[in-house]
Amino acid sequence: MRNRLWLILGLVALGACSKEKDIEPPAELVDFKTTLEVDRAWASSVGGGDPVMRLGLGVSSDDGRVFAAGYGGEVVAIDLASGRNLWRTKTKVALSGGPGAGGGLVVVGSNDGDVIALGADNGAERWRVRVGGEVLAAPAISAKSVIVRTVDGRLRGLSLEDGKELWVDEQAVPRLSLRGNAAPVVAGDVAICGFDNGKVAAFGTADGEVLWEAAVAPPRGRTELERLNDIDATVRISGDDVFVVGFQGRAARLAIDSGQLWWSRELSSHRGLAIDDDAVYVSTADGEVVAMQRRTGVELWRQKALRLRGLAAPAVLGDAVAVADFEGYVHWLDRTTGEMRARTRAGDRISNPPLNADGKLIFIDDNGRVTAFTVPAAATEAAVAAGN
């Protein structure tokens, strides 16, 4: 049986420590002058699960609605503008990945490999299939198929109509890997996904044809722990570019049509990145936030005040870069300098990426609490976030 190493917070610190040294604690939060007004727009809840499990339960949106799922099996639709619950469905399985939304569907996955499609308008179940592997990432929905990633390295295309398997591709999974999977992303008729072997690949959504593969960072080191190079963070696509970051690997910019590497920088992250028109922002594995020039990868700034606070993926809203931590605090950094501008709270530990939708930044904590924030109109008009 393949062993998997479930590594969550503090992996880098744990690997670096010895019997003679204490593990470095998370950075303590310090006071600063607030220079950005952040408003809580609304809050809701879908219920959570064991917060140690690191499930792939985030939030998604489509047609003015926000969708969230809880480990207990519930899926909820929330009005994006008001935060009012529109419907709530009990799937009666332990959910672990999703939801993905699009094409009139909301799709979630379970620990046991169930993939369930609900109607986005009313939450009624459309179909349910078993794919044979735990789903730890949100499915992606294209015009022709539902794309599902499972922990066994397989990427599947399922029929929109009934969930029937249309195609499957399998990537090698190292004997040791992080708990978690990158969610596939659809751009037109192409699905792009990162894998535990350090590769990014592009597939035709209709038939699963492999269009290209790119090895972002080869494994390095003597031990299996040192050679971990999972790509667990969802890639970001903008125009002709694909941006990716891996654990103990690199951040990179690839060409969407060929996978050609335009630039790469040594960087480690298993949570993710955000992009805008000018920069790429990464939450590193050791809790730093790094901004790099989008075109060249040159570092612009690095914020170290949140070291080892288990940061989730960043997101851009207006002039700020927001990143949440293991205590549920959301830290709002200046997009140009990285300086702290505001701090809010969105519940308990936040592991999954926030959602940027219609001028709101929406977080879900590991207990299923959903919180939407806004910043003043003047700030949101000053910059437009791309690919979040």
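Before any of the text, the structure's been laid out above.
Because the structure is a prediction, the values reported are computed rather than measured.

Comments concerning the nonpolar core
Counting residues in each nonpolar core, the largest one holds 17 residues, and the members touching the most others are Leu36, Val38, Val330, Trp332, Leu361, Phe363 and Phe373. Of all the elements in the fold, those that place two or more residues in this core are strand 27 (315-317), strand 28 (320-324), strand 29 (329-334) and strand 32 (360-364). In terms of residue count, the dominant contributor to this core is strand 28 (3 residues). Among the nonpolar cores identified, the runner-up in size contains 16 residues, and Leu55, Ala69, Val75 and Leu136 belong to it.

Some remarks on the pattern of salt bridges
Evaluated as defined, the whole model comprises 21 salt bridges. A salt bridge links aspartate 286 to arginine 307; the shortest N-O distance between them is 3.2 Å. Of this pair, aspartate 286 sits in the loop between strand 24 (279-283) and strand 25 (289-293) while arginine 307 sits in the loop between strand 26 (299-303) and strand 27, and the two are 21 residues apart along the sequence. Each of Glu24, Asp286 and Arg307 takes part in a single network of salt bridges with overlapping partners.

Focus on the side chain of threonine 89
Take threonine 89: it is sitting in strand 6 (residues 85-90). A polar atom in the side chain of threonine 89 sits 2.8 Å from the backbone oxygen of glycine 123. Beyond its immediate chain neighbours, meaning those up to four positions away, threonine 89 contacts Gly73, Glu74, Val75, Leu118, Asn122 and Gly123.

What about the environment of aspartate 277?
Along the chain, the position of aspartate 277 falls in the loop between strand 23 (272-276) and strand 24. Once the C-alpha coordinates of aspartate 277 and arginine 295 are considered, the two residues, 18 residues apart in sequence, prove to be 9.5 Å apart.

Let's talk about the sheet that holds strand 1 (residues 39-45)
Spatially, 1-33-32-31 is the arrangement adopted by the 4 strands of the open sheet, whose pairing is antiparallel. The open sheet is flanked by strand 1 and strand 31 (355-357), the only strands paired with a single partner. For this sheet, the mean angle separating the axes of adjacent strands, direction not counted, is 20 degrees. For strand 32 and strand 33 (residues 369-374), the ladder comprises 4 bridges, and the chain directions are antiparallel. Paired with isoleucine 362 across the bridge in strand 33 is alanine 372.

As for the pairing of strand 17 (residues 199-204)
The buried fraction of strand 17 is high, at 5 of 6 residues. The pairing of strand 16 (residues 190-194) with strand 17 spans 5 bridges and is antiparallel. Paired with glycine 194 across the two strands is valine 200, which belongs to strand 17. Taking the residues between adjacent antiparallel strands as the criterion, strand 16 and strand 17 are bridged by 4 residues, where glycine 198 takes a positive phi near 80 degrees. Here strand 17 runs beside strand 18 (residues 210-215); their pairing, made up of 5 bridges, is antiparallel.

Some details on the packing of aromatic side chains
Two aromatic rings, taken as a pair, are described by how far apart their centres are and by the angle between their planes. Applying the stated criterion across every chain yields a total of 6 aromatic pairs. Summarising the aromatic geometry, the rings of phenylalanine 195 and phenylalanine 203 are spaced 6.3 Å apart at their centres and angled 75 degrees between planes, so their arrangement reads as edge-to-face. Neither residue differs from the other here; phenylalanine 195 and phenylalanine 203 are each classed as buried. Judged by centre distance (6.1 Å) and plane angle (40 degrees), the rings of tyrosine 281 and tryptophan 301 are tilted.

Overview of the sheet that holds strand 15 (residues 185-187)
A sheet is described by the order of its strands in space; here 4 strands give the open sequence 15-16-17-18, paired in antiparallel fashion. Edge positions in the open sheet fall to strand 15 and strand 18, since each of these has one partner strand only. Averaged over all neighbouring strand pairs, the angle between strand axes comes to 20 degrees, with direction disregarded.

Structural notes on the environment of tryptophan 332
Topologically, tryptophan 332 is positioned in strand 29. For tryptophan 332, a relative accessible area of 0% corresponds to the buried category. Between the C-alpha atoms of tryptophan 332 and leucine 36, which are 296 residues apart in sequence, the distance is 8.1 Å. At a separation of 3.0 Å, a polar atom in the side chain of tryptophan 332 contacts the side chain of threonine 344.

About the cut-offs
Residues numbered from 1 in each chain as written. Predicted model: local features only at pLDDT ≥ 70, side-chain atom pairs only at ≥ 80, totals over all residues. Heavy atoms only, no water. Core = buried A, V, L, I, M, F, W, Y, C linked by side-chain atoms within 4.5 Å. Buried < 20%, exposed > 50% of the residue type's maximum accessible area, 1.4 Å probe, protein only. Helix = DSSP H or I, 4+ residues; strand = E, 2+ residues; numbered from the N terminus. Salt bridge = Lys/Arg side-chain N within 4 Å of Asp/Glu carboxyl O. Polar contact = N/O pair within 3.5 Å; in protein donor to acceptor, adjacent residues only side chain to side chain. Contact = heavy atoms within 4.5 Å. Pairing = 2+ DSSP bridges. Axes fitted to C-alpha atoms, helices over the stretch in contact; angles between N-to-C directions. Phe/Tyr/Trp six-rings, centres within 6.5 Å; stacked < 30°, edge-to-face > 60°.

Remember that the coordinates give geometry; whether it matters functionally is a separate question.
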